[in-house]
Amino acid sequence: MADSPVDENLLNQLKKLQAKYDYMGQDLSSYLDGLLYSDYITYWDYIHVDTLLSLQNPETSFPDEKVFIIYHQITELYFKLVLLEIEQMTTKADIDEKFFIERLDRIIRYFQNLENSFDIMAKGMEKEQFLKFRMALLPASGFQSAQYRFIEFASTDLINLVSMEERERLKNADVDAMLEQIYWKYGATDLATGKKTLTLLQFESKYMKSFREAAIKYKDNNLRQIFVKHFSNSPRKNEIVEKLKEYDTLVNVFWPLAHMKSAGTYLKKDPEDIKATGGTNWQKYLPPRFQRRMFFPELWTEKEKQEWGIAAIKKAIMEAN
Ligand code: HEM
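In this text, all values refer to a predicted model and were calculated from it rather than measured experimentally. (Residues numbered from 1 in each chain as written. Predicted model: local features only at pLDDT ≥ 70, side-chain atom pairs only at ≥ 80, totals over all residues. Heavy atoms only, no water.)

Draft legend 1. The arrangement of the overall build of the chain in detail. Within the chain, the regular secondary structure consists of 17 helices and zero strands. For 321 residues, the compact-globule estimate of 2.2 N^0.38 gives 20 Å, and the C-alpha radius of gyration of the chain, at 25 Å, exceeds that figure by more than 25%. Seen through its principal axes, the chain has C-alpha atoms that stretch 85 × 55 × 45 Å. The buried share among the 321 residues of the chain stands at 42%. Within the structure as shown, the chain displays about 19,400 Å² of accessible surface, and the carbon and sulfur contribution to it stands at 56%. Side-chain charges of the chain comprise 44 positive and 48 negative groups, with the mean position of each set lying 6 Å from the other. (Helix = DSSP H or I, 4+ residues; strand = E, 2+ residues; numbered from the N terminus. Rg over C-alpha atoms; globule rule 2.2 N^0.38 Å. Buried < 20%, exposed > 50% of the residue type's maximum accessible area, 1.4 Å probe, protein only. Areas by Shrake-Rupley, 256 points an atom, 1.4 Å probe, with all protein chains shown as cover. Lys, Arg positive; Asp, Glu negative; His and termini not counted. Charge placed at Lys NZ, Arg CZ, Asp CG, Glu CD.)

Written as structure tokens, this is what we have:
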């Protein structure tokens, strides 16, 4: 039986492939052999579904502990998406408004999803189970999420992450002096002794070197710096400012509030019961109005800064009505 003629498109593709492999000094025919023998790709292999579903390993037999683990993992994956976008923004040569806005929109969507889905925590576990399995997890805490901190380093200048009381004094200080006074160290100091909690000591020992590298890497190339250098005189400045403010509010007001709602649901308010958090006074530490941290302070009025979070919450309530 005569062979059927080879499709012209196919021949063209083969020629292009030949040119590509010739260029690299590779033998196309051997690669085509490989194609003959290789298996078809499957969804489960490509997505690594089995591996993914094997990563939920509770410390107790309370079923709701898996809800707790999985939602943390979901959040970490979203954080990874955010960091992927920021990586694109900080490494793009000749970045323009379109690219910056599109990536910023993606990041905003990720954080909106995180804020909206936090009820999976706040409403989705039995309090009795939570209070028991949480004790088996000490001294671990979401406080130790490194990706959350990398997002901060990549979003703004380090001085904006220094604790509020030290910001003025350290405004011209070097990276190490600023890192020494980074705001989150105050969230992990034992109330009774004033010493760093084990949660913080372990976190620092694992990540401080990488945090220092990130602080240096993003010093002149974070989202705030990109805005100032490339878009502060752009015709689309106002649009970009609105989006940066939306991002600032999501990360530094709305997500923290959604998170606090969970903390309030499960952790008793009596300081005697701070034990379940590893000794920190989260009620004094977590509220955005106490920390007043923001990535783009110059985009807010003095009044908005003083009342950090309150204006944003009022605006959100008005828009919802
Ligand atoms: C029922 C659920 C949760 C409770 C009760 C809770 C409780 C707390 C508490 C008390 C703190 C203060 C630090 C400490 O005492 O350890 C904290 C910090 C933190 N948690 Fe959670 N958390 C919950 C869920 C989550 C989830 C799902 C994430 C996602 C990764 C997360 C991420 C964080 C982060 C990033 C901090 C540090 C915040 C900051 O420094 O301002 N938490 N959490």
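After presenting the structure, the write-up continues.
Draft legend 2. View of the pattern of salt bridges. Tallied over the full model, the rule gives 21 salt bridges. Lys 171 serves as the salt-bridge partner of Glu 168, at 2.5 Å between the closest nitrogen and oxygen. Taking the shortest distance from any N to any O, the salt bridge between Arg 224 and Glu 298 comes out at 3.0 Å. Placement of Arg 224 in helix α12 (residues 223-231) and of Glu 298 in the loop between α15 (288-291) and α16 (302-306) is noted, with a sequence separation of 74 residues between them. For Arg 224, a relative accessible area of 15% gives the class buried. (Salt bridge = Lys/Arg side-chain N within 4 Å of Asp/Glu carboxyl O.)

Draft legend 3. Quick peek at the coordination of the iron atom of the ligand. Within the protein, a single donor atom binds the iron atom of the ligand, namely His 259 (NE2) at 2.1 Å. Tracing the backbone shows His 259 in helix α13 (residues 237-266). (Donors = N, O, S within 2.8 Å, 3.2 Å for Na, K, Ca; no water.)

Draft legend 4. Molecular detail of the nonpolar core. In this structure, Phe 100, Phe 111, Phe 153, Leu 158, Trp 184 and Tyr 247 are the most contacted members of the largest nonpolar core, which totals 76 residues. Broken down by element, the residue count for this core peaks at 13 residues, all from α13. Not counting chain neighbours up to four residues away, the residues in contact with Phe 100 comprise Met 89, Ile 95, Leu 223, Ile 226, Phe 231, Ile 240 and Leu 244. (Core = buried A, V, L, I, M, F, W, Y, C linked by side-chain atoms within 4.5 Å. Contact = heavy atoms within 4.5 Å.)

Draft legend 5. Helix α8 (residues 127-135), seen in detail. All of the buried residues along α8 are Gln 129, Phe 130, Phe 133 and Arg 134. All buried residues of α8 project into a common sector of 120 degrees when viewed along the axis, lining one side. The outward face of α8, more than 90 degrees from its buried face, is lined by the exposed residues Glu 128 and Lys 132. Contact partners of the buried residues in α8: α5 (64-91) and α13. (Arc of directions from axis to C-beta.)

Draft legend 6. Region of interest: the environment of Leu 104. Positionally, Leu 104 belongs in helix α6 (residues 97-117). For Leu 104 and Ile 86, which are 18 residues apart along the polypeptide, the C-alpha to C-alpha distance reads 8.3 Å. Those residues in contact with Leu 104, other than ones at most four positions away along the chain, are Met 89, Lys 243, Leu 244 and Tyr 247.

Draft legend 7. Expanded view of the side chain of Ser 155. The topology assignment puts Ser 155 in helix α9 (residues 146-155). Sequence-distant contacts of Ser 155, defined by excluding residues within four places in its chain, comprise Ile 86, Asn 222, Leu 223, Arg 224, Tyr 247, Phe 295 and Phe 296.

Draft legend 8. Structural detail: a nonpolar patch on the surface. Together, Val 6, Leu 10, Leu 11, Leu 14, Leu 17, Leu 32 and Leu 35 give the surface a local cluster of nonpolar side chains, amounting to about 570 Å² of exposed area. Secondary structure elements with two or more residues in the nonpolar patch: α1 (8-23) and α2 (28-37). When residues in the nonpolar patch are grouped by element, the largest group, four residues, is from α1. For Leu 17, the position within the fold is in helix α1. Classification of Leu 17 by relative accessible area gives partly exposed; the value is 31%. (Patch = residues over 30% accessible without salt bridge, like charges linked within 9 Å, V, L, I, M, F, W, Y side chains within 5 Å.)

Draft legend 9. Expanded view of the side chain of Ser 163. Within the secondary structure layout, Ser 163 lies in the loop between α9 and α10 (175-180). For Ser 163, a relative accessible area of 3% corresponds to the buried category. Not counting residues up to four positions away in its chain, the partners in contact with Ser 163 are Gln 181, Ile 182, Tyr 183 and Tyr 186.

Draft legend 10. Here's a closer look at the packing of α5 against α6. Running from N to C, α5 and α6 cross one another at 170 degrees; their axes reach a closest spacing of 9 Å. Here α5 lies roughly antiparallel to α6, going by the angle between them. For the pair formed by α5 and α6, the contact residues are Tyr 71, Thr 75, Tyr 78, Phe 79, Leu 81, Val 82, Glu 85, Ile 86, Gln 88 and Met 89 on the first element and Phe 99, Phe 100, Arg 103, Leu 104, Arg 106, Ile 107, Tyr 110, Phe 111, Asn 113, Leu 114 and Ser 117 on the second. Residue classes in the contact of α5 with α6 are distributed as 14 nonpolar, four polar and three charged. (Axes fitted to C-alpha atoms, helices over the stretch in contact; angles between N-to-C directions. Parallel < 35°, antiparallel > 145°, perpendicular 65-115°, else oblique. Nonpolar A, V, L, I, M, F, W, Y, C, P; charged D, E, K, R; others polar.)

Shape is all these values report; function is a separate question.
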